[in-house]
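Summary of structural features
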Amino acid sequence: MIVVDYFDNDVQNYERAMIQVDYYVMSNRFNSTTFRPYIGLNGGYANYEATGVLDDSGFVYGGQIGFTASVSENIDLDVAYRHSIASPDDLDHIGNVVFGVNYLY
């Protein structure tokens, strides 16, 4: 999965682009149900700027844990917690709760 985060206001802006790879655990046990837990890894690049104070960017990496739940044959809901560590100290230890909708084609 390719993930792009962007935040911008008058004082600061933040961009992060990552590639995320997930592995569905216990897939044989949950194969016939709509609930599938997963774990994964992510890596990419982040940039953070605060007006007149800071401009820092660098490599970011981490992991995530979550689950998908099937709503229909082609649509899954995704809930996860993603934690990332970055080479610049100002971007270190970023945690996100993620909600998503996956379309399966």
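Residues numbered from 1 in each chain as written. Predicted model: local features only at pLDDT ≥ 70, side-chain atom pairs only at ≥ 80, totals over all residues. Heavy atoms only, no water.

Things to note about the overall build of the protein chain
From N to C terminus, the protein chain includes 0 helices and 6 strands. Reading the helices (α) and strands (β) of the protein chain from amino to carboxyl end gives β-β-β-β-β-β. A total of 105 residues make up the protein chain; the buried ones form 31% of that total. Long-range pairs, those at least 24 residues apart, make up 46% of the contacts in the protein chain with a sequence separation of at least 6. Accessible area of the protein chain: about 6900 Å², with a carbon and sulfur share of 60%. (Helix = DSSP H or I, 4+ residues; strand = E, 2+ residues; numbered from the N terminus. Buried < 20%, exposed > 50% of the residue type's maximum accessible area, 1.4 Å probe, protein only. Contact = heavy atoms within 4.5 Å. Areas by Shrake-Rupley, 256 points an atom, 1.4 Å probe, with all protein chains shown as cover.)

Quick look at a negative patch on the surface
On the surface, a cluster of negative charge is made up of D8, D10, E49 and D55. Tracing the sequence through the fold places D55 in strand β4 (residues 54-70). (Patch = residues over 30% accessible without salt bridge, like charges linked within 9 Å, V, L, I, M, F, W, Y side chains within 5 Å. Salt bridge = Lys/Arg side-chain N within 4 Å of Asp/Glu carboxyl O. Lys, Arg positive; Asp, Glu negative; His and termini not counted. Charge placed at Lys NZ, Arg CZ, Asp CG, Glu CD.)

A look at the pairing of strand β1 (residues 2-8)
Where β1 and strand β2 (residues 12-24) come together, 7 bridges link them in antiparallel fashion. Residue pairing for β2: D8 is matched across the bridge by N13. Taking the residues that link successive antiparallel strands as the turn, the β1-β2 hairpin has 3 residues. (Pairing = 2+ DSSP bridges.)

Some points on the sheet that holds β4
The sheet built from 6 strands is open, its strands ordered β1-β2-β3-β4-β5-β6 with antiparallel pairing. Both outer strands of the open sheet, β1 and β6 (94-103), are each paired with one neighbouring strand and no more. Between one strand axis and the next, the sheet turns through 25 degrees on average, direction left out of account. (Axes fitted to C-alpha atoms, helices over the stretch in contact; angles between N-to-C directions.)

A closer look at the pairing of strand β3 (residues 35-50)
Relative to β3, β2 is paired through 13 bridges, and the arrangement is antiparallel. Residue pairing across strands places D22 opposite G40, the latter belonging to β3. Here 16 bridges tie β3 to β4, and the two strands are oriented antiparallel to one another. Note on β4: the bridge partner recorded for A46 is G58. Connecting β3 to the next strand, β4, in antiparallel fashion are 3 residues, including G52 with a positive phi near 70 degrees.

Some words on the pattern of salt bridges
A complete count under the given rule lists 2 salt bridges for this structure. Salt-bridge contacts for D5 lead to R16; the nearest nitrogen and oxygen are separated by 2.6 Å. Of the two residues, D5 is situated in strand β1 and R16 in strand β2; the sequence distance between them amounts to 11 residues. The residue R36 makes a salt bridge to D76 at a minimum N-O spacing of 3.2 Å. A residue pair is termed long-range when its members are at least 10 positions apart, and R36 in strand β3 and D76 in strand β5 (residues 75-86) qualify at 40 residues.

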